[in-house]
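# Breakdown of the fold
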Amino acid sequence: EGVGIIKVGMNLSKVPESVENLYDHIEIVTTPESYNEMDDETIPAYDTYYFMLDGEKMFHTVPNDDGTIPYLSITSDKLSYKGISPNMSCREVLTSDAKLIAWGPYGSCEFFCCYRMDVSNIEIVFPLNGEGAFSQQGYEKLCKNANFKENSYYELDLVPEDFREDAAISEIIITGK
C-alpha cells in the first residue's frame, strides 16, 4: 500500500515532515511547463516530491491536482520489497519468486516489461531504453516470442544470460490497487 506510513491515496497535507529511519525531509522540485511535439500538446508544470534521508533520495511521487499520492517510486537500495531492491542485478532477480512479465510487442512505443510478485500494484522496473537491460540474446528472444494481446500481460521465460551483466533494477513502483 505504500512505504512505511506513507500510503498511495494519502493526501500530501497529511504527510509528516519526517519519519525516523525513512526520510528526514522532503525536497520539492518543479518541472516547468513544456511542449511535446510528437503529441502536439503542452505538458503543464508539475512538482515532484522527493523523500530524502541523509542526502539520499529514498522515494518520490508526483501528486494529483488534489494533493493525493497516485504512486510511490522507490529508488534507494535501502528499501526493498521481499528482498528485491533498486540497484539489484536483473539476473539475480530471476532467481527470486518474481515473475518477469511484459505487455506489447518489443520495439514498439507500447512495450512494457517489469518483474512482479504476488500483487499487481507493485512493479519492479529496470531500464528498457538507451543501452537497455537485455543482452542481444535476450532481445532476439523478445522479438521472436513476444505475445502481444491487447490489454493483457504475458510471462517471459528468460535466463540470466538474456540480461546484460550490468542490468539492474532502477525502481520499485507502488500504485493504487
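You'll find the structure just up there.
Below or above, wherever it landed, is the structure these notes cover. (Residues numbered from 1 in each chain as written. Predicted model: local features only at pLDDT ≥ 70, side-chain atom pairs only at ≥ 80, totals over all residues. Heavy atoms only, no water.)

### As for the nonpolar core
Worth spelling out the cut-off: Throughout, nonpolar core names a set of buried Ala, Val, Leu, Ile, Met, Phe, Trp, Tyr and Cys residues whose side chains join them through atoms within 4.5 Å. The rule is simple: take the accessible area with a 1.4 Å probe, protein chains only, and divide by the maximum for that residue type; under 20% is buried, over 50% is exposed, in between is partly exposed. Per the convention used, a helix needs a DSSP run of H or I reaching at least four residues, while a strand needs a run of E reaching at least two, with both numbered from the N terminus. Residues count as neighbours in contact if any of their non-hydrogen atoms are within 4.5 Å of one another.
In terms of nonpolar packing, the biggest core is built from 43 residues, with Phe59, Tyr115, Phe126, Phe163 and Ile169 touching the most fellow members. Sorting the residues of this core by element identifies β6 (46-53), β7 (56-61), β8 (71-74), α1 (90-93), β9 (99-103), β10 (112-116), β11 (122-125) and β13 (171-175) as the ones contributing at least two each. Of the residues forming this core, the biggest block, three residues, is contributed by β6. The residues touching Phe126, leaving out its near neighbours within four places in the chain, are Cys90, Leu100, Cys113, Cys114, Tyr115, Ala133, Phe134, Phe163, Ala168, Ile169 and Ser170.

### Some thoughts on unusual backbone geometry
Even without glycine at this site, Lys82 takes up a positive phi of about 50°. With respect to the helices and strands, the residue Lys82 is situated in the loop between β8 and α1. Given the relative accessible area of 51%, Lys82 is considered exposed. Notably, Asn87 is not glycine yet its phi reads approximately 75°, a positive angle. Here Asn87 shows up in the loop between β8 and α1.

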